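# Survey of secondary and tertiary structure
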Amino acid sequence: MDCSFQDELFDDLDLYYFRQMAISSQDYDIQQKIDFEIKMRDGITKIIAACSNDVQSLEASRGLLTSNARMMAYMAELQRRRTLERGQPNRDSDDAKPCKATLAISDIRIPLMWKEEDHIKNKGDHRRYSVFCLWKIGTEIYDTEMIRNVDRTLTDMCPEDVLVFNDISPDFECVLEVYCYNMHNDLTIASTPKRIRKKLNTLSSTMGRSMGKKVQSSMENGESSLGVKFTLIATAKLNIEDIGSGIKTHNLVLENTENSPVHLPLFGHFCCRLGAQPDCMVQDVISGYLSFQGATDWTRKWCVLNQSKLQCWTNQSDSGIKKPDCIIAITKGSNIAHRNGSTMQKPNSFLLTCLEEDKKNTVHNFC
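Residues numbered from 1 in each chain as written. Predicted model: local features only at pLDDT ≥ 70, side-chain atom pairs only at ≥ 80, totals over all residues. Heavy atoms only, no water.

### Some words on the overall build of the protein chain
Each helix and strand counted, the protein chain has seven helices and 18 strands in total. In the protein chain, buried positions account for 39% of the 367 residues. If you take every contact in the protein chain between residues at least 6 apart in sequence, the share linking residues at least 24 apart comes to 62%. Just so you have it, the protein chain exposes about 22,200 Å², and 51% of that area is on carbon and sulfur atoms. (Helix = DSSP H or I, 4+ residues; strand = E, 2+ residues; numbered from the N terminus. Buried < 20%, exposed > 50% of the residue type's maximum accessible area, 1.4 Å probe, protein only. Contact = heavy atoms within 4.5 Å. Areas by Shrake-Rupley, 256 points an atom, 1.4 Å probe, with all protein chains shown as cover.)

### A closer look at the packing of aromatic side chains
Tallied over the entire structure, the rule returns six aromatic pairs. Between Phe 132 and Tyr 179 the ring centres are 5.6 Å apart and the planes differ by 15 degrees, which places this aromatic pair in the stacked class. Here Tyr 179 lies in strand E7 (residues 174-182) and Phe 132 lies in strand E2 (residues 129-137), a separation of 47 residues in the sequence. For Phe 132, a relative accessible area of 1% corresponds to the buried category. Centroid distance Phe 132 to Phe 230: 5.0 Å. Interplanar angle 90 degrees. Geometry classified as edge-to-face. With Phe 132 in strand E2 and Phe 230 in the loop between helix H7 (209-219) and strand E8 (231-238), this residue pair connects regions lying 98 residues apart in the sequence. One exposure class covers both Phe 132 and Phe 230, and it is buried. One aromatic cluster is present, formed by Phe 132, Tyr 179, Tyr 181 and Phe 230 through successive ring pairs. The cationic tip of Arg 300 hangs over the ring face of Tyr 289; the distance from NZ or CZ to the ring centre is 3.9 Å. (Phe/Tyr/Trp six-rings, centres within 6.5 Å; stacked < 30°, edge-to-face > 60°. Lys NZ or Arg CZ within 6 Å of the ring centre and 35° of its normal.)

### Quick look at the environment of Trp 114
Within the secondary structure layout, Trp 114 lies in the loop between strand E1 (101-111) and helix H5 (116-119). What makes Trp 114 buried here is its relative accessible area of 11%. Residues Trp 114 and Asp 151 lie 37 residues apart in sequence; the distance between their C-alpha atoms is 9.2 Å. Reaching out from Trp 114, the side chain makes a polar contact with the backbone oxygen of Asp 151 at a distance of 3.4 Å. Reaching out from Trp 114, the side chain makes a polar contact with the backbone oxygen of Leu 154 at a distance of 2.8 Å. (Polar contact = N/O pair within 3.5 Å; in protein donor to acceptor, adjacent residues only side chain to side chain.)

### Some thoughts on the environment of Ser 287
Relative to the helices and strands, Ser 287 resides in strand E12 (residues 286-293). As for Ser 287 and Gln 316, which are separated by 29 residues in sequence, their C-alpha atoms are 9.6 Å apart. Setting aside residues up to four positions removed in sequence, Ser 287 forms contacts with Trp 302, Cys 303 and Val 304.

### A few points about helix H4 (residues 54-86)
Helix length check: H4 (33 residues) gives 48 Å between terminal C-alpha atoms against 48 Å at 1.5 Å per residue, within 8%. With a side-chain oxygen lying 3.1 Å from the backbone nitrogen of Val 55, the N-terminal cap of H4 falls on Asn 53. (Expected span 1.5 Å × (residues − 1).)

### Some words on unusual backbone geometry
As a rule of thumb, non-glycine residues mostly have phi less than zero, and peptide bonds are mostly trans rather than cis. At Asp 167, a position not held by glycine, the phi torsion is positive, near 60 degrees. Along the chain, Asp 167 turns up in strand E6 (residues 163-168). Unusually for a residue other than glycine, Gln 307 sits at a positive phi of about 55 degrees. On the secondary structure map, Gln 307 appears in the loop between strand E13 (298-306) and strand E14 (309-313).

### Regarding the packing of helix H3 (residues 28-50) against H4
Two numbers describe how H3 lies on H4: the axes approach to 9 Å, and their chain directions differ by 155 degrees. The orientation of H3 relative to H4 falls into the category roughly antiparallel. Classified by chirality, the crossing of H4 by H3 is left-handed. Across the interface between the two elements, Asp 29, Ile 30, Lys 33, Ile 34, Glu 37, Met 40, Arg 41, Ile 44, Ile 47 and Ile 48 of H3 pack against Ala 60, Ser 61, Gly 63, Leu 64, Ser 67, Asn 68, Arg 70, Met 71, Tyr 74, Glu 77, Leu 78 and Arg 81 of H4. Looking at the contact of H3 with H4 residue by residue, the class counts come to eleven nonpolar, four polar and seven charged. (Axes fitted to C-alpha atoms, helices over the stretch in contact; angles between N-to-C directions. Parallel < 35°, antiparallel > 145°, perpendicular 65-115°, else oblique. Left-handed = near helix turned anticlockwise from the far one by under 90°. Nonpolar A, V, L, I, M, F, W, Y, C, P; charged D, E, K, R; others polar.)

### Overview of the nonpolar core
Of all hydrophobic cores here, the largest spans 33 residues; its most connected members are Trp 135 and Leu 264. Put simply, the parts of the chain that give this core at least two residues each are E1, E2, strand E4 (147-150), E6, E7, E8 and strand E11 (269-278). It is E2 that contributes the most residues to this core, five residues altogether. Not counting residues within four places of it along the chain, the set of residues in contact with Leu 264 comprises Leu 112, Trp 114, Tyr 129, Val 131, Val 150, Met 157, Cys 180 and Ile 233. By size, the runner-up hydrophobic cluster in this structure holds 14 residues, among which are Leu 58, Ala 69, Phe 132 and Phe 230. (Core = buried A, V, L, I, M, F, W, Y, C linked by side-chain atoms within 4.5 Å.)

### Re the pattern of salt bridges
Throughout the structure, instances matching the rule amount to 13 salt bridges. Across the pair Asp 318 and Lys 322 runs a salt bridge whose closest N-O atoms are separated by 3.8 Å. Take Asp 318: its relative accessible area is 14%, and that puts it in the buried class. Connected through shared salt-bridge partners, Asp 29, Glu 77, Arg 80 and Arg 81 make up one network. (Salt bridge = Lys/Arg side-chain N within 4 Å of Asp/Glu carboxyl O.)

Okay, structure coming up:
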């Protein structure tokens, strides 16, 4: 699959139409993102036109592809929001919602599967590639560093990026896309062997300016006004089941590249570390006054639920300054239940049952 379809799509569509759609829907967050990407695209297009070597062109083309992918994601999000507006009303805002989290992706490793003749005997396949990855979760899209000169001497592609996604819901779907460009097939001066390049430079110095331009134009078949064309060669999807503290191996779905100049021998798997930190571990989930039932009377305290702990102070001003008067750990074994009518002494009373380290239940009565 060639990524050039994105460039052609945005040549035909008026990007400002989507900006006006965001304004009319009062989706100002999407509007700001679209404005930013429009400016990015304009700047990248100018950079591509001024590129003087293949490295600059590759990096600028990667930026353009990433910007296009973000624009596609913003359009999809706009359409999703408009569909929700025309559909059923939202649920009651008081309904409990799952905690969101911050995700981090690191230790990315994509192994290659060269033939023995290519890698061990250093014969046969002499192609060179440039590779990078796109990671997508909703409208958050990040690209990895460009790995250039991937050839038969390389056994693994290991981008050193650490990608962080914020405010992610538990039902997320993380999409990996691997893009590749065959550097051996381009006929630019930068990819020409040194001996031949020297002869070409000597020849060009003896030509006229107009003839030199024609020769240069005939050698730039690997580039266009919108930069080089990367090819999508593999994809993968991760979800909440793939989160863990260690590095895991995942399946890589290879794209059909029979009619493509790219034939990078991927192994069909990749490794990465997908970590998550729930927002409730670093942010206050809820805070307010609760009354504790003691042996003889009720005691009113300021309580904060944070990091799976209910921390209590006598005064609100002491929160975060003094040590809590008491800390109640909330674990998987904790249970919250309403007091029944026959035993309820105050309105809105509830029981919190916690399993302590000695495996004994401790019951707290609040209202």
